[in-house]
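Residue-level structure breakdown
As a plain string of letters, each chain reads:
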Amino acid sequence: MKIKQAILGLLVAGTILTIQSSCQSKEEIFRQQYVVEGMMQYEKHCENCHQKDGSGLKDLYPPLAKTDLWERLNASQIACIIKNGQKTAILVNQKSYQNYMPGNSKLEALDVAEIVTYLRDKWGNDPRIFSLDSARLALKNCQ
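Since the structure is predicted, the reported quantities are computational estimates derived from the model, not experimental observations.

Procedures and definitions
- All residue numbers refer to positions counted from 1 along the written sequence of the respective chain.
- Per-residue local features of the predicted model are confined to residues with pLDDT of at least 70, and side-chain atom pairs are confined, for both listing and counting, to 80 or more; whole-chain, interface and lining totals are unaffected and use all residues.
- For the side-chain quantities, the full set of heavy atoms in the structure was used; hydrogens and water were omitted.
- Any two cysteine sulfur atoms within 2.5 Å of one another count as a disulfide.
- Secondary structure elements follow DSSP: runs of H or I of four or more residues count as helices, runs of E of two or more count as strands, with numbering from the N terminus.
- Lines fitted to the C-alpha atoms define the axes, with helices restricted to the stretch that makes contact. Angles between their N-to-C directions range from 0 to 180 degrees.
- Oblique is the label for every angle not falling under 35 degrees (roughly parallel), over 145 degrees (roughly antiparallel), or within 65 to 115 degrees (roughly perpendicular).
- Here a crossing is called left-handed whenever its near helix is offset anticlockwise from the far helix by less than a right angle, and right-handed whenever the offset is clockwise.
- Residue contacts are counted whenever heavy atoms from the two residues lie within 4.5 Å of one another.
- Residue type decides the class: Asp, Glu, Lys and Arg count as charged, Ala, Val, Leu, Ile, Met, Phe, Trp, Tyr, Cys and Pro as nonpolar, and the leftover types, Gly among them, as polar.
- Only buried residues count toward a nonpolar core, which is a set of Ala, Val, Leu, Ile, Met, Phe, Trp, Tyr and Cys residues joined through side-chain atoms within 4.5 Å.
- The buried label applies to any residue whose accessible area, calculated with a 1.4 Å probe on protein chains only, is under 20% of its type's maximum; exposed applies above 50%, and partly exposed to all values in between.

Moving on: the state of the cysteines. Taken as a whole and assessed by the stated rule, the structure comprises one disulfide. Two residues, Cys80 and Cys142, share a disulfide whose sulfurs are 2.0 Å apart. Taking the sign of the S-S torsion, -95° for the link of Cys80 and Cys142, the bridge is left-handed. Highlighted residues: Cys80 in helix 5 (residues 75-84) and Cys142 in the segment after helix 7 (132-140), separated in sequence by 62 residues. Here Cys46 is not cross-linked by a disulfide; its sulfur's nearest cysteine counterpart is in Cys49, at 8.7 Å.

Right, dumping it as structure tokens:
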């Protein structure tokens, strides 16, 4: 009997998810794709220093969650930091972080676009997608 209830519960949950996803626009599905891909890229390339929850690592690496970064830096600046690193100190929540952040030159523009979209969605209260074209332009113009 419990097995039948569990199977029925799974079927109901699957049906609800299907109905919800069918109600989403193509743009929202595309944005969610960027967020999920960005999360995987973040886990692979950023999480070791900035932590899964974005809390940073003590005085070594700045937090990304609950910070003023999202008001001070735009998506293009964040893209440049991700790709090229940060050689100078960075101020986060009035605290200076001196450690050098290595860039990741192997990341493609799409990877950077997805990471920026994820970061802004997760901690920047900005659900907008940072498009591939925007990332290409930003990376072309990094200083």
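There is more to say after this.
Turning next to the packing of helix 5 against helix 6 (residues 109-123). At their nearest, the axes of helix 5 and helix 6 sit 10 Å apart, and the two run at 120° to each other. One finds that helix 5 runs oblique with respect to helix 6. Note on packing geometry: the crossing formed by helix 5 with helix 6 is right-handed. Where helix 5 approaches helix 6, its residues Ala75, Ile78, Ala79, Ile82 and Lys83 are matched on the opposing element by Val112, Ile115, Val116, Leu119 and Arg120. Per-class residue counts for the contact of helix 5 with helix 6 are eight nonpolar, no polar and two charged.

Taken as a class, soluble globular proteins show a tendency for nonpolar side chains to be buried jointly. Counting residues in each nonpolar core, the largest one holds 29 residues, and the members touching the most others are Ile82, Val116, Leu119, Trp123 and Phe130. When contributions to this core are tallied by element, the ones reaching two or more residues are helix 2 (26-45), helix 4 (69-72), helix 5, strand 2 (90-92), helix 6 and helix 7. Beyond its immediate sequence surroundings of up to four residues, Phe130 is in contact with Tyr34, Ala75, Ser76, Ala79, Ala113, Val116, Thr117, Arg120, Ala135 and Ala138.

Note on backbone geometry: most residues besides glycine have negative phi, and most peptide bonds are trans. At Lys66, a position not held by glycine, the phi torsion is positive, near 55°. Mapped onto the elements, Lys66 comes out in the loop between helix 3 (47-50) and helix 4. The backbone of Asn93 sits at a positive phi, close to 50°, despite the residue not being glycine.

All right, on to the side chain of Arg120 then. Along the chain, the position of Arg120 falls in helix 6. Judged by relative accessible area, which is 9%, Arg120 ranks as buried. Contacts of Arg120, omitting those with residues within four sequence positions, involve Trp70, Ala75, Asn125, Asp126, Arg128, Ile129 and Phe130.

Everything listed here is a matter of geometry and, on its own, says nothing about what the molecule does.
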